[in-house]
Amino acid sequence: MMLGDSIKKFALSQAFSYIEKDPIKNLTHVMDMVDKFAGDGPQSFPRQRQAIRDAINNEDSTAHKLVLRMMTEMDLGFTETLLSNLFLNASITGWKKQDEYRTKYNCNVPWAILLDPTSACNLHCKGCWAAEYGNKLNLSYDEIDDIIRQGKEMGTYFYIYTGGEPLVRKKDLIKLCEKHSDAIFMCFTNGTLIDEEFAQNMLKVKNFVPVISVEGFEEATDSRRGNGTYQRAVNAMNLLKRNRLPFGISTCYTSANIKDVSTEAYVDQLVEWGAYFVWYFHYMPVGKDAVPELLPSPEQREYMYHQIRELRGKKPIFMLDFQNDGEYVGGCIAGGRRYLHINANGDCDPCVFIHYSDSNIREKTLLEALCSPLFMAYHDGQPFNENHLRPCPMLENPEKLREMVHKSGAHPSDVTALEDVDDLCAKCDSYAENWAPTAEHLWDCSHNCATCGKVAVGK
């Protein structure tokens, strides 16, 4: 880390030493310091910094209540590291490096990298192959370390583990946290391998945040993941909360569970457990065993669009909807535009849900993968739809994915059952057609204001 960044981190640390005395007042002083470090211009994230200030100052807002939770319920050293690594390193400092590479090589450079340490899992969930495939595929410690090294050279300081069950490799993951103390690590997990020893390791490194998969209440979770899984996940959350450690929730919504996982009662339960954020994922019909009937109907997806926005104004928890929030990030963020995915075989996928690749990290550098035909097709094609409620080149614009895969010569990268891109996209054609009219109506409402008189997004 450069001397200037070291001085910034020291200054932030000094400011944080006063947080416990008066969290809100002194957090304002911390933001004054961050503003000074950030400078001016769009690369300094002015809207995001203003949003944080608004949350600090507006005592009646749910955002203020969430900030207060973070300042009073989370380990203060962890909060400091999160602010420093995620906001200072990954965003303000990192973004400038990323832009240098974007300009020099005319390609996408990711803000975050998703990677699978292993294909192994300790559970046998319905519709998931990981446990059956076992530990046949792994990225070695040195390979993961090198991916992080390459990423940081380009300004990427945010790494997200998927799987399989990443915590099968938890000793390696903690070692990587220690070595790359300037980065932030997130991990999608079933939560069943989180124990007291691991919680203490999290407190030691302060840069690892679990995201625990919960798909409803006990009956729904155990019916898919096995009896007792729900309670083991709840026990893990209780352990994390008791140790003042941050965590989030991952929830996949389908045509079958959408009402259960979007109620106020469900979100209240997440807050009670101690989660600071919930990441909702739209069901994707990926894989030969996928069930297209689980795709939400247009009516269900529209319900989710309105419901999440309403709950954001009520609940002190940060809520993301991976599909319906495309309008806030300019459409599709895959293909390295904001993130990419590297599976346990080393294949570089443009998206965690789109398993096609023309590059392997064991054969190419990360930069070479970003400049490959498939990733450049993403770069040149984004946004795939001017209506960012139809962001995905698979789900809402399947003709785009067909074209990119065929032209680039990319091959299927799902190691269990290689799925032809035409077969995958065929499962999305009718969904895309049926969703389009609803998406157009919602887009007009939120941007043109003529249809329903609502305030336009971003205005």
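Residues numbered from 1 in each chain as written. Predicted model: local features only at pLDDT ≥ 70, side-chain atom pairs only at ≥ 80, totals over all residues. Heavy atoms only, no water.

The name given to the chain in an unreviewed UniProt entry is Radical SAM protein, with Evtepia gabavorous as the source organism.

Undergrad: I would appreciate a short explanation of the nonpolar core in the present structure.
TA: Looking at soluble globular proteins, one finds that nonpolar side chains tend to be buried together. By size, the foremost hydrophobic cluster in this structure holds 115 residues, and its most contacted members are Tyr 161, Phe 208, Ile 212, Ile 249, Tyr 280, Ile 342 and Leu 401. Both domains that furnish three or more residues to this core are identified here as domain 1 (3-102) and domain 2 (108-439). If sequence neighbours within four positions are ignored, Tyr 161 has contacts with Leu 115, Pro 117, Ile 144, Ile 148, Pro 166, Leu 173, Leu 176, Phe 185, Met 186, Cys 187, Phe 188 and Phe 208. Residues Ala 55, Leu 83, Ile 92 and Trp 95 belong to the second largest nonpolar core, which totals 14 residues. (Core = buried A, V, L, I, M, F, W, Y, C linked by side-chain atoms within 4.5 Å. Buried < 20%, exposed > 50% of the residue type's maximum accessible area, 1.4 Å probe, protein only. Domains from an automatic or database assignment. Contact = heavy atoms within 4.5 Å.)

Undergrad: What is the right way to read the sheet that holds strand β1 (residues 112-115) from this model?
TA: By way of backbone hydrogen bonds, the strands of a sheet pair with one another, either parallel or antiparallel. Read across the open sheet, the nine strands follow the order β7-β6-β5-β4-β3-β2-β1-β8-β9; overall the sheet is mixed. A single partner strand is all that each edge strand has here, and the edge strands are β7 (318-321) and β9 (348-349). Looking at chain direction, strand β6 (residues 277-282) and β7 are connected through four bridges and run parallel. Within β7, the position partnered with Phe 277 by the bridge is Phe 318. (Pairing = 2+ DSSP bridges. Helix = DSSP H or I, 4+ residues; strand = E, 2+ residues; numbered from the N terminus.)

Undergrad: Mind showing me how you'd approach the environment of Ile 361 here?
TA: With respect to the helices, strands and loops of the structure, Ile 361 is situated in the loop between β10 (356-357) and α14 (366-370). Between the alpha carbons of Ile 361 and Asn 343 there is a distance of 9.5 Å; along the sequence they are 18 residues apart. Apart from the residues lying within four places of it in its own chain, the contact partners of Ile 361 are Ile 147, Ile 342, Gly 346, Cys 348 and Leu 366.

Undergrad: Explain the confidence of the model for the chain here, please?
TA: Low pLDDT marks stretches whose predicted atomic positions should not be read closely. Residues at a pLDDT of 70 or more form 90% of the chain, whose mean pLDDT is 89. Here residues 453-459 is modelled with pLDDT under 50, and outside its nearest four sequence neighbours on either side it reaches 13 contacts, counting other chains as well. (pLDDT = per-residue confidence, 0-100.)

Undergrad: Help me understand the packing of aromatic side chains in this model?
TA: Aromatic ring pairs are described here by two measures, namely the spacing of the ring centres and the angle between the planes. Tallied over the entire structure, the rule returns 16 aromatic pairs. Members of the aromatic cluster, connected to one another through ring pairs, are Phe 188, Trp 279, Phe 281, Phe 322, Tyr 339 and Phe 353. (Phe/Tyr/Trp six-rings, centres within 6.5 Å; stacked < 30°, edge-to-face > 60°.)

Undergrad: Explain empty space enclosed by the protein to me, please; I cannot follow it from the model alone.
TA: A water-sized probe rolled over the atoms picks out the places where empty space is left. Evaluation of the coordinates by the stated rule reveals one cavity of 30 Å³ or more. What the largest cavity holds in volume is close to 60 Å³. Lining of the largest cavity is provided by Val 286, His 355, Tyr 356, Pro 412, Ser 413, Asp 414, Glu 419 and Leu 424. Here the lining of the largest cavity is built from residues that sort into four nonpolar, two polar and two charged. (1 Å grid on protein atoms, 1.4 Å probe; cavity = no way out; pocket = protein on both sides within 12 Å on 5 of 7 lines; lining within 4 Å. Points joined across faces, edges and corners; volume = space filled by probe spheres on them. Nonpolar A, V, L, I, M, F, W, Y, C, P; charged D, E, K, R; others polar.)

Undergrad: Mind showing me how you'd approach unusual backbone geometry here?
TA: Phi is mostly negative for residues that are not glycine, and the peptide bonds are mostly trans. Cis peptide bonds are those with omega within 30 degrees of zero, and the linkage from Gly 163 to Gly 164 qualifies with 20 degrees. Structurally, Gly 164 is set in the loop between β2 (158-161) and α8 (170-179). Cis geometry is found at the peptide bond from Gln 382 to Pro 383, where omega equals -5 degrees. The residue Pro 383 is located in the loop between α15 (373-381) and α16 (398-408) in this model. Positive phi values are uncommon outside glycine, yet Asn 106 reaches one of about 55 degrees. The topology assignment puts Asn 106 in the loop between α5 (76-105) and β1. Taking relative accessible area as the criterion, Asn 106 reaches 48% and is therefore assigned partly exposed. Of note, the phi angle at Arg 244 is positive, near 60 degrees, even though the residue is not glycine.

Undergrad: Could you clarify how one ought to interpret helix α13 (residues 298-312) in this entry?
TA: Every α-helix winds through 3.6 residues per turn, so residues three or four apart in the chain are directed the same way. Between its first and last C-alpha, α13 extends 21 Å over 15 residues, near the 21 Å set by a 1.5 Å rise per residue. Residues of α13 that are buried: Pro 298, Arg 301, Met 304, Tyr 305, Gln 307, Ile 308 and Leu 311. Where α13 is buried, its residues touch β5 (248-253), α12 (264-273), β6, β7 and α17 (421-447). (Expected span 1.5 Å × (residues − 1).)

Undergrad: Explanation requested: the pairing of strand β3 (residues 184-189) in the structure shown.
TA: Consecutive residues of a regular strand have side chains that alternate between opposite faces of the sheet. Across the six residues of β3, six count as buried, placing the element largely inside the fold. Burial along β3 is two-sided: the residues Ile 184, Met 186 and Phe 188 and Phe 185, Cys 187 and Thr 189 are all buried. Two strands pair when backbone bridges link them, and β2 and β3 are joined in this way by four bridges, in the parallel orientation. Directly across from Phe 158, in β3, lies its bridge partner Ile 184. In this view, the connection linking β2 to its parallel neighbour β3 by way of α8 has right-handed handedness. Bridge count for β3 against strand β4 (residues 208-213) is five bridges, and the pairing is parallel. Residue Cys 187 lies in a different strand from β4, and its bridge partner there is Pro 210. Taking the sense of rotation as the criterion, the β-α-β connection linking β3, helix α9 (residues 196-205) and β4 turns out right-handed. (Right-handed = clockwise from strand over helix to strand, strands pointing away.)

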